[in-house]
Amino acid sequence: MKSYRQFLWGVLLLVPLLWWAWPSGQNASPGDTPSPAQNPKPVAAGATARTPDGPGPARTRSAQRQQPPSKPGKPAEAPEVGEVLANDAVSNVQAAARLHTIAMDRTRSTEERLEALQHGLNLDIATFAAFAGQPELPPELASHFLHEVINYNDSPATQLSTYMALMDHPDEEVSALAKEMLAFQVEDDLQEASREQLLQRGHQKIQTLTTGAGGN
């Protein structure tokens, strides 16, 4: 009888131990429930997806005035150039003429002249048609003007006169590009013509273009 009671007490003590040691839901295998690493991260509040930029607005003087902050070591916008751009009482052609005057002024710094040239060409490139003929044109201005004129297909005569004027520029890169473009314009594809022949063909083509325009 005594041994039966001891056995019964042992069973009663064993049941809580088995209950405590039995694996719970917290010890389930990793495959039963998704781990935090498997869950996608939530999108941060306020985040938006990037979309391709659409076509920008037409360039105007007001848009040009909204310049990004100047980089360290880069001079700020020239005051007089800024005044011309801010004056909405004049037309784009009139503003370009004033900027042309600044860009032509050899008493000013190259930086100020280049800034006036850049803005002026954006407003009305036709105002600067004879700009390349200016004597002692700094390489920075000559190079910028040449590259702009190359894309100015509305006036082949301006292109030709610019190439002829810059073909003898002291800057080798400017003169080489101007000569190459002049040869292309006068159909000297092999670039076999001499300097005098290129100039002669250039003048002849300008005369043809001018006569043709006058006859229309």
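Residues numbered from 1 in each chain as written. Predicted model: local features only at pLDDT ≥ 70, side-chain atom pairs only at ≥ 80, totals over all residues. Heavy atoms only, no water.

**Student:** What exactly am I supposed to notice about the side chain of Asp188 here?
**Tutor:** Mapped onto the fold, Asp188 is located in the loop between α8 (172-185) and α9 (195-215). Salt bridges are absent for the buried Asp188, whose nearest opposite-charge side chain, Arg201, sits at 4.4 Å. Beyond its immediate sequence surroundings of up to four residues, Asp188 is in contact with Ala183, Ala193, Leu198 and Arg201. (Helix = DSSP H or I, 4+ residues; strand = E, 2+ residues; numbered from the N terminus. Buried < 20%, exposed > 50% of the residue type's maximum accessible area, 1.4 Å probe, protein only. Lys, Arg positive; Asp, Glu negative; His and termini not counted. Salt bridge = Lys/Arg side-chain N within 4 Å of Asp/Glu carboxyl O. Contact = heavy atoms within 4.5 Å.)

**Student:** I would appreciate a short explanation of the environment of Asp154 in the present structure.
**Tutor:** Looking at where Asp154 falls in the secondary structure, it is placed in the loop between α6 (139-150) and α7 (156-166). Taking the C-alpha atoms as reference points, Asp154 and Ala126, 28 residues apart in sequence, are found 9.5 Å from one another.

**Student:** Would you mind going over the pattern of salt bridges with me for this structure?
**Tutor:** A side chain with one charge can pair with a side chain of the opposite charge if their charged atoms come near. Counted according to the given criterion, the structure contains 6 salt bridges. Between Arg108 and Asp105 there is a salt bridge, with its nearest N and O atoms 3.1 Å apart. Given the relative accessible area of 23%, Arg108 is considered partly exposed. Exposure remark for Asp105: the relative accessible area of 23% places this residue in the partly exposed category. Through salt bridges with shared partners, a single ionic network connects Glu80, Asp105, Arg108 and Glu112.

**Student:** Where do I start with the side chain of Gln159 in this structure?
**Tutor:** Relative to the helices and strands, Gln159 resides in helix α7. The exposure class of Gln159 is buried, given its relative accessible area of 4%. From its side chain, Gln159 meets the backbone oxygen of Ile150 in a polar contact 3.1 Å long. Here the side chain of Gln159 touches Gln185 through a polar contact of 3.2 Å, side chain to side chain. When neighbours within four sequence positions are excluded, Gln159 is seen to be in contact with Val149, Ile150, Asn151, Tyr152, Asn153 and Gln185. (Polar contact = N/O pair within 3.5 Å; in protein donor to acceptor, adjacent residues only side chain to side chain.)

**Student:** Looking at this structure, I do not really get the packing of aromatic side chains. What am I missing?
**Tutor:** For any pair of aromatic rings, the description consists of the separation of the ring centres together with the inter-plane angle of the planes. Taken as a whole and judged by the stated rule, the model has 2 aromatic pairs. Centre to centre, the rings of Phe128 and Phe131 are 6.0 Å apart; their planes meet at 65°, and the pair counts as edge-to-face. Comparing Phe128 with Phe131 shows no difference in burial state: the two are buried. (Phe/Tyr/Trp six-rings, centres within 6.5 Å; stacked < 30°, edge-to-face > 60°.)

**Student:** How do you make sense of the nonpolar core when you look at a structure like this?
**Tutor:** Grouped together as the largest cluster of nonpolar side chains are 40 residues, with contacts concentrated most on Leu99, Leu117, Phe128, Phe131, Phe145, Leu166 and Leu182. Looking at this core, the elements with two or more residues in it are α3 (79-86), α4 (92-104), α5 (110-123), α6, α7, α8 and α9. Every residue in contact with Phe128, bar those within four places of it in the chain, is listed here: Ala96, Leu99, His100, Ala103, Ala116, Leu117, Gly120, Leu121 and Phe145. (Core = buried A, V, L, I, M, F, W, Y, C linked by side-chain atoms within 4.5 Å.)

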